[in-house]
Amino acid sequence: MLGIFSIVTTEILPIGLLTSIGSSFTISDGMAGLMMTMPGFLAALSAPLVTAATARIDRRLMLCVFMLLLALANFLAAAAPDYWLVLVSRVMVGITIGGFWSIGAGLADRLVPPEKVGRALSVIFSAVPLGSVLGVPVGTFIGDIAGWRTAFVVMGVLTVAILALLLAVMPPLPPTETTRLSVLAGLFRSTNTRYALALTFLIVLAHFGTYTYVTPFLEQVTHAGSRAITVFLLIYGAAGIAGNFLGSALVTRHPRTGFGTAAALLAAATLLLPVLGHSDTGAITLLIVWGIAYGAVPVSSQTWFAKAAPTAPEAASVLFTASFQATISLGALVGGAIVDRTSPSTVMTLGGITATLMVLTTLLHLTHRQTWPDTTHP
């Protein structure tokens, strides 16, 4: 959980420091935005390639290697005299995301008894909202008072501390399966895996195509000030933590219902924001609903992939990571293209429609009466 927390925080840290970094290197905001798009695409590529290449290596050792790489990436960004070195550090972040998340997210069943796997997954994925709630605001605060480079130094030191903890408390984890690329290709023959990919694509596209631009919406539509927006997003993040644990409890027993409910709530929040988001009360209420909804998404998606491929948990985790990260970058890019040509309200509406499509896809899966695991529907 701490490892993923450091990864999530490092990945989205530039959001709060974008303007400072851009002015430091005299580049446009769009060019600075490459710091956000690159890690997701690199993670999508590295998840299958790195995991397959290291399939015979102890998983504890690989987690430590990726934490070391993340620490080096943070220190490189902090010391970079030129912007291209910052982008090199973001490539290193992307490789870390793909490798660490693919391996770490699939280890819950090896670290706890079977009856506690659902709770363990919720603890692991609580790092996602925690990174947003605690990591980014604190990193932005440090950047404001001591410079953006100091924020990356602090993240580097934190990552080194987490590496020490992994070495101290994580037991040896020799590989129990060999995750070859052929194994990943074989998963596509499963109808449930294809549904998992489709559902993850739609819900993550809907979320990151809209949430990336929630600040412009709050500024232009709600007319909230910078301090109010900070409070709004903290409330959203707190709701996300609650949604993570509530969602994990539901999705462990009812994967379709849990995932579908999260998508329905996300669709309702984003569709209603242009209507009710003109007031502070309406915006806060819908952000709470949105936070609860998205808080359940990572654990729901990971659970769906795991149930679709129960005999290959690491391979399922690779597909989860690759699809999730690629869609994060795509969502941010698509949302940016739309908001530049229309308005934040239009982005919210289109995101809500996309989430609605995910709900309909879940219902379609129900009508096909799929079972877990899917071994009869090639």
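Residues numbered from 1 in each chain as written. Predicted model: local features only at pLDDT ≥ 70, side-chain atom pairs only at ≥ 80, totals over all residues. Heavy atoms only, no water.

Some details on the overall build of the protein chain
Turning to step 1, where the next piece is worked out: What the protein chain contains, in helices and strands, is 19 helices and zero strands.
Turning to step 2, where the next piece is worked out: Across the 378 residues that make up the protein chain, the buried fraction comes to 55%.
Turning to step 3, where the next piece is worked out: Here the analysis covers contacts within the protein chain between residues at least 6 apart in sequence; of these, 85% occur between residues at least 24 apart.
Turning to step 4, where the next piece is worked out: Counting every atom, the protein chain has about 15,300 Å² of accessible surface; 71% of that belongs to carbon and sulfur. (Helix = DSSP H or I, 4+ residues; strand = E, 2+ residues; numbered from the N terminus. Buried < 20%, exposed > 50% of the residue type's maximum accessible area, 1.4 Å probe, protein only. Contact = heavy atoms within 4.5 Å. Areas by Shrake-Rupley, 256 points an atom, 1.4 Å probe, with all protein chains shown as cover.)

Let's talk about the environment of Glu219
Turning to step 1, where the next piece is worked out: Structurally, the position occupied by Glu219 is in helix H13 (residues 214-220).
Turning to step 2, where the next piece is worked out: Residue Glu219 is classed as partly exposed on the basis of its relative accessible area of 44%.
Turning to step 3, where the next piece is worked out: Discounting residues that sit within four places of it in the chain, Glu219 has contacts with Ala224 and Ile229.

Quick notes on the nonpolar core
Turning to step 1, where the next piece is worked out: Counting 81 residues, the largest nonpolar core has Trp101, Phe125 and Trp290 as its most contacted members.
Turning to step 2, where the next piece is worked out: The element best represented in this core is helix H12 (residues 191-211), accounting for 10 residues.
Turning to step 3, where the next piece is worked out: Apart from the residues within four sequence positions on either side, Phe125 is in contact with Trp101, Ala105, Asn244, Pro298, Val299, Gln302 and Phe320.
Turning to step 4, where the next piece is worked out: If you look at the next biggest cluster of nonpolar residues, it comprises 18 residues, including Leu13, Ala77, Phe152 and Met155. (Core = buried A, V, L, I, M, F, W, Y, C linked by side-chain atoms within 4.5 Å.)

Brief notes about the packing of aromatic side chains
Turning to step 1, where the next piece is worked out: As enumerated under the stated definition, the model contains eight aromatic pairs in all.
Turning to step 2, where the next piece is worked out: Taken together, a centroid distance of 5.9 Å and an interplanar angle of 90° make the contact between Phe208 and Tyr294 edge-to-face. Taken as a pair, Phe208 in helix H12 and Tyr294 in helix H16 (residues 280-295) lie far apart in primary sequence, 86 residues in all.
Turning to step 3, where the next piece is worked out: You can call Tyr294 buried: its relative accessible area is 8%.
Turning to step 4, where the next piece is worked out: Here the aromatic residues Phe25, Tyr83, Trp148 and Phe152 are joined through ring pairs into a cluster of three or more. (Phe/Tyr/Trp six-rings, centres within 6.5 Å; stacked < 30°, edge-to-face > 60°.)

Re a nonpolar patch on the surface
Turning to step 1, where the next piece is worked out: A surface patch of nonpolar side chains, about 510 Å² in accessible area, is lined by Met1, Leu2, Val123, Leu165, Val169 and Phe245.
Turning to step 2, where the next piece is worked out: Since its relative accessible area comes to 38%, Phe245 is described here as partly exposed. (Patch = residues over 30% accessible without salt bridge, like charges linked within 9 Å, V, L, I, M, F, W, Y side chains within 5 Å. Salt bridge = Lys/Arg side-chain N within 4 Å of Asp/Glu carboxyl O.)

A word on the environment of Leu266
Turning to step 1, where the next piece is worked out: For Leu266, the location among the structural elements is in helix H15 (residues 255-276).
Turning to step 2, where the next piece is worked out: Here the alpha-carbon distance between Leu266 and Ile292, two residues 26 residues apart in the chain, equals 8.5 Å.
Turning to step 3, where the next piece is worked out: Setting aside residues no more than four positions away along its own chain, Leu266 makes contact with Ile203, Ala206, His207, Trp290, Ala293, Tyr294 and Ala355.

A look at the side chain of Thr222
Turning to step 1, where the next piece is worked out: Mapped onto the secondary structure, Thr222 falls in the loop between H13 and helix H14 (226-253).
Turning to step 2, where the next piece is worked out: You can call Thr222 buried: its relative accessible area is 5%.

Some remarks on the environment of Val334
Turning to step 1, where the next piece is worked out: On the secondary structure map, Val334 appears in helix H18 (residues 313-341).
Turning to step 2, where the next piece is worked out: Its relative accessible area of 37% is what places Val334 among the partly exposed residues.
Turning to step 3, where the next piece is worked out: The sequence separation of Val334 and Gly209 amounts to 125 residues, and the corresponding C-alpha distance is 6.3 Å.

Digging into unusual backbone geometry
Turning to step 1, where the next piece is worked out: A positive phi angle is found at His223, which is not glycine, with a value near 60°.
Turning to step 2, where the next piece is worked out: Within the element layout of this structure, His223 appears in the loop between H13 and H14.
Turning to step 3, where the next piece is worked out: Of the residues examined, His223 reaches a relative accessible area of 61% and is grouped as exposed.

Things to note about the packing of H14 against helix H17 (residues 297-308)
Turning to step 1, where the next piece is worked out: The contact between H14 and H17 brings their axes to 9 Å, and the two run at 25°. By the criterion of interaxial angle, the relationship of H14 to H17 is roughly parallel. In terms of crossing hand, the pair formed by H14 and H17 is right-handed. Contacts from Asn244, Gly247, Ser248, Val251 and Thr252 of H14 reach H17 at Val299, Ser300, Thr303 and Lys307.
Turning to step 2, where the next piece is worked out: Tallied by class, residues from the contact of H14 with H17 come to two nonpolar, six polar and one charged. (Axes fitted to C-alpha atoms, helices over the stretch in contact; angles between N-to-C directions. Parallel < 35°, antiparallel > 145°, perpendicular 65-115°, else oblique. Left-handed = near helix turned anticlockwise from the far one by under 90°. Nonpolar A, V, L, I, M, F, W, Y, C, P; charged D, E, K, R; others polar.)

Remarks on the confidence of the model for the protein chain
Turning to step 1, where the next piece is worked out: Averaged over all residues, the pLDDT of the protein chain equals 82, while 88% of them reach at least 70.
Turning to step 2, where the next piece is worked out: Across residues 372-378, where pLDDT falls below 50, the model places 20 contacts with residues more than four positions away in sequence or in other chains. (pLDDT = per-residue confidence, 0-100.)

What to know about the side chain of Thr327
Turning to step 1, where the next piece is worked out: Summarising the element assignment, Thr327 is placed in helix H18.
Turning to step 2, where the next piece is worked out: Its relative accessible area of 4% is what places Thr327 among the buried residues.
Turning to step 3, where the next piece is worked out: Only 2.6 Å separates the side chain of Thr327 from the backbone oxygen of Ser323, close enough to count as a polar contact.
Turning to step 4, where the next piece is worked out: Not counting residues up to four positions away in its chain, the partners in contact with Thr327 are Phe201, Val204 and Leu205. (Polar contact = N/O pair within 3.5 Å; in protein donor to acceptor, adjacent residues only side chain to side chain.)

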